[in-house]
Amino acid sequence: MSISTERLPAGERSLTERFVGRAARWPWWLLVIALVGVLIAWNALTSELYSAIFSRLTLGIGVTIFTTLVAYSLALVIGLLAGLGRVSGNPVVFNIATLYVQVIRGVPILVQLLVIAFVIVPVLIDGVNNLGALVAPLIGEPNFLTQTRPQDVPFLTRCVIALAIAYGGFQAETFRAGIQSISKGQMEAARSLGMSYVQAMRYIILPQAIRRVLPPLGNDFIAMLKDSSLVSVLGVRDITQEARLYAAASFRYMETYVSLAFFYLAMTILLSLGVRWLENRLNSHGRGQG
Amino acid sequence: MSMVAAPPTGDPSAMIIIKNLVKEFHGLRAVDDVSLTVARGKVTVIIGPSGSGKSTLLRCINHLEVPTSGDIWVDGIHLTHHAKDINAVRAEVGMVFQQFNLFPHLTALQNVMLAQRVVRKRSEAEAREIAMQQLARVGIPEKANAYPAQLSGGQQQRVAIARALAMNPKIMLFDEPTSALDPEMIKEVLDVMLELARSGMTMVVVTHEMGFARNAADEVVFMDRGRIVEQGPPDVLFRQPREARTRAFLSQILR
């Protein structure tokens, strides 16, 4: 029997070939991360230093998760509104939304954090106090409107607001792209049935658009988790800040920061697996195109 | 308040009156000074070469295209730019598109129910009952719970017709309803349209289906380069066209 074909059926391929072919498809990267994780976890259990670092970092995990969740939720609302503004035919709404998006995209997030925390929040509080002084004769002094001080707004709150505003700008563009990816005929069909613009958006365009932008929004959530580390710059005690404090006090920079990086990596990998699962689910249940 | 143009005729048999309609796109006149009256309960078929402005004319009737100038009255109501009026008029004017434009995230039944609920404010039960009646009328009640992607082109177009009919419109506009269909599915859609025409619905149909024009039309309008070249009953227009351009077009299409 002579074999002349170049590609052999699976059964006739050599063992090495089959092994290499299968091995190449393995997620080796995940294995490496898992091994490092096991190593670090082993250290956390056996070494006093690592277990001290771990319990210290754990103190900040609540703040990290809180900041991420709240800022991301606010960013979704801001982004949806600004994204609707970006596709609006009303020139006033369109220009306000575009101005916001352009400013946000042109300033680094760290700088936005500083500006919002140290400029915008104090200015807003001044405004509230001035307003309070105006209406004081009506509602009577003293009242909270005249007596709010900048230090009454904790830095955690300022950071959450700043991250929400920053990410809202990016999500606005995600929502805009999603809305514009829905074919024009959908809006026309809805309008031809007598629906108003708002009804057509709510019942026809947005349900389809949001489905399409779920994967990029999931990635934004991961990015938000990572960027929440910026709040440490303002002294908010998230895991990064706890690590900085511990390292500065103990001089154990290497062990502390490796552990810190691993904390973020563990969380982001879990989340990205979640996002991938969501994408697969949407693809397999996806029902046609608009 | 600006001057509201009075209906040009007191003719109660007119359902749609179009006067001196002009629609320009970037300086090009897609519709060039067209006047047309569509009688109540009659079927008007608009034919003509592609780019002749027939779809644009149709889309002006429910303001999917806002006219550059000219006036349109639908059942005696003057179409203005006022959004509230437009939504009210659109609810009375059903439209069927070349690309069906079903809502892909909703089932056939939900497609037919949605506008009844949010525009007509019908109850869930009432909307469902009417939707099922209309789906039965177009011959696919068994597909009520299918999503558009699970339906053939002909079935999708029939759901689209049911969706428009469920609003109880006074007028139905068809914009090349069979042009995107495979040949074997054209008949099932035309049959539904024929039945609708016999039931006395006022219809304006843009189509290349000359057989439908012959069988169903009360009036055939031939358009070329944004203008109405000739119009008349199908017997006259197809057998004895007056204009050379009409003859040239028909000879190409009828062979």
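See the structure shown above.
The rules behind the values
Residues numbered from 1 in each chain as written. Chains lettered and ligands numbered in written order. Predicted model: local features only at pLDDT ≥ 70, side-chain atom pairs only at ≥ 80, totals over all residues. Heavy atoms only, no water. Helix = DSSP H or I, 4+ residues; strand = E, 2+ residues; numbered from the N terminus. Buried < 20%, exposed > 50% of the residue type's maximum accessible area, 1.4 Å probe, protein only. 1 Å grid on protein atoms, 1.4 Å probe; cavity = no way out; pocket = protein on both sides within 12 Å on 5 of 7 lines; lining within 4 Å. Points joined across faces, edges and corners; volume = space filled by probe spheres on them. Nonpolar A, V, L, I, M, F, W, Y, C, P; charged D, E, K, R; others polar. Phe/Tyr/Trp six-rings, centres within 6.5 Å; stacked < 30°, edge-to-face > 60°. Lys NZ or Arg CZ within 6 Å of the ring centre and 35° of its normal. Contact = heavy atoms within 4.5 Å. Salt bridge = Lys/Arg side-chain N within 4 Å of Asp/Glu carboxyl O. Pairing = 2+ DSSP bridges. Patch = residues over 30% accessible without salt bridge, like charges linked within 9 Å, V, L, I, M, F, W, Y side chains within 5 Å. Areas by Shrake-Rupley, 256 points an atom, 1.4 Å probe, with all protein chains shown as cover. Axes fitted to C-alpha atoms, helices over the stretch in contact; angles between N-to-C directions. Core = buried A, V, L, I, M, F, W, Y, C linked by side-chain atoms within 4.5 Å. Buried area = accessible area lost by both parts, 1.4 Å probe. Polar contact = N/O pair within 3.5 Å; in protein donor to acceptor, adjacent residues only side chain to side chain.

1. Concerning unusual backbone geometry
One non-glycine residue, Phe 251 of chain A, lies in the positive phi region at around 60°. Mapped onto the secondary structure, Phe 251 of chain A falls in the loop between helix H10 (239-250) and helix H11 (253-285). Residue classification places Phe 251 of chain A among the exposed residues on the basis of a relative accessible area of 64%. Positive phi is not limited to glycine here, since Asn 168 of chain B has a value of about 50°. Position of Asn 168 of chain B relative to the elements: it lies in the loop between helix H5 (153-165) and strand E7 (171-175).

2. A few points about the side chain of Gln 134 of chain B
Assignment of secondary structure puts Gln 134 of chain B in helix H4 (residues 124-137). By relative accessible area, Gln 134 of chain B is classed as buried at 9%.

3. Structural notes on empty space enclosed by the protein
Residues and elements named next belong to chain B. Counting across every chain of the model gives one cavity of 30 Å³ or more. Roughly 30 Å³ of internal volume is contained in the largest cavity. For the largest cavity, the full set of lining residues is Val 74, Asp 75, Ile 77, Val 89, Glu 92 and Lys 170. A breakdown of the residues in the lining of the largest cavity according to their chemical character gives three nonpolar, no polar and three charged.

4. Points about the packing of aromatic side chains
Considering all chains together, one arrives at seven aromatic pairs over all chains under this definition. Their ring planes at 45° and their centres at 6.2 Å tell us that Tyr 253 of chain A and Tyr 257 of chain A sit as a pair that is tilted. Of this pair, Tyr 253 of chain A and Tyr 257 of chain A both sit in helix H11, four residues apart, which is roughly one turn of that helix. Over the face of the ring belonging to Phe 103 of chain B we find Arg 163 of chain B, whose NZ or CZ atom lies 4.4 Å from the ring centre.

5. Describing the side chain of Gln 155 of chain B
One can find Gln 155 of chain B in helix H5. Residues contacting Gln 155 of chain B, with those up to four places away along its chain left out, are Ile 140, Lys 143 and Glu 188 of chain B.

6. Things to note about the pattern of salt bridges
Residue and element names in this part refer to chain B. Scanning the entire structure with this criterion turns up 21 salt bridges over all chains. For Glu 188, the salt bridge identified is with Arg 158, shortest N-O distance 3.1 Å. A residue pair is termed long-range when its members are at least 10 positions apart, and Glu 188 in helix H6 (residues 183-198) and Arg 158 in helix H5 qualify at 30 residues. On the basis of relative accessible area, Glu 188 is assigned to the partly exposed category, the value being 24%. Linking Asp 191 and Lys 187 is a salt bridge whose minimum nitrogen-to-oxygen distance equals 2.9 Å.

7. Points about the pairing of strand E2 (residues 28-39) of chain B
Residue and element names in this part refer to chain B. Direction of pairing for strand E1 (residues 14-25) relative to E2: antiparallel, over a ladder of nine bridges. The partner of Ile 16 across the bridge, within E2, is Val 38. The hairpin turn running from E1 into E2, its antiparallel successor, is two residues long, and His 26 in that turn takes a positive phi close to 50°.

8. A word on a nonpolar patch on the surface
Residue and element names in this part refer to chain A. Together, Leu 110, Val 111, Leu 114, Val 115, Phe 118, Val 119, Ile 120, Val 123, Leu 124, Phe 155 and Val 233 give the surface a local cluster of nonpolar side chains, amounting to about 870 Å² of exposed area. Top element by residues in the nonpolar patch is helix H5 (residues 109-139). It accounts for nine residues. Structurally, the position occupied by Phe 155 is in helix H7 (residues 155-180).

9. A closer look at the sheet that holds strand E4 (residues 69-74) of chain B
Two pairing modes exist for strands in a sheet, parallel and antiparallel, and in both the strands are linked by backbone hydrogen bonds. Residue and element names in this part refer to chain B. Here four strands make up an open sheet; going across it, the order is E2-E1-E4-E5 and the pairing antiparallel. Unpaired on one side and paired on the other, E2 and strand E5 (77-78) mark the two borders of the sheet. In this structure, E4 lies alongside E5, joined through two bridges in antiparallel fashion. Within E5, the position partnered with Trp 73 by the bridge is His 78. Lying on the sheet, helix H1 (residues 54-61) is in contact with E1, E2 and E4; it crosses E1 at an angle near 120°.

10. Looking at the nonpolar core
Ile 47, Ile 161, Met 172, Phe 174, Met 193, Met 203 and Phe 212 of chain B are the most contacted members of the largest nonpolar core, which totals 53 residues. If you tally residues by element for this core, the top one is H6 of chain B, at nine residues. Non-local contacts of Phe 212 of chain B, meaning those with residues more than four positions away in its chain, are made with Val 45, Leu 190, Met 193, Leu 194, Met 203, Val 205 and Ala 217 of chain B. Formed by 49 residues, the second largest nonpolar core is a distinct cluster that contains Val 87 of chain A together with Leu 58, Ala 91 and Leu 114 of chain B.

11. Description of the interface of chain B and chain A
Contact residues are listed per partner, giving 24 residues for chain B and 20 residues for chain A. Each partner contributes to the roughly 1900 Å² buried at the junction of chain B and chain A, and carbon and sulfur atoms together form 63% of this total. Contact with chain A buries area across many residues of chain B, yet Phe 103, Pro 104 and His 105 of chain B alone supply 27% of it, more than any other trio. Counting across the interface, chain B meets chain A through one salt bridge. Glu 188 of chain A is the partner of Arg 59 of chain B in a salt bridge, and the nearest nitrogen-oxygen pair spans 2.6 Å. Linking chain B with chain A are seven residue pairs in polar contact (both at pLDDT 80 or more). Secondary structure elements with two or more residues in the side of chain B that touches chain A: helix H2 (83-92), strand E6 (93-96), helix H3 (108-118) and H5 of chain B. Looking at the side of chain B that touches chain A, its residues break down into 16 nonpolar, four polar and four charged.

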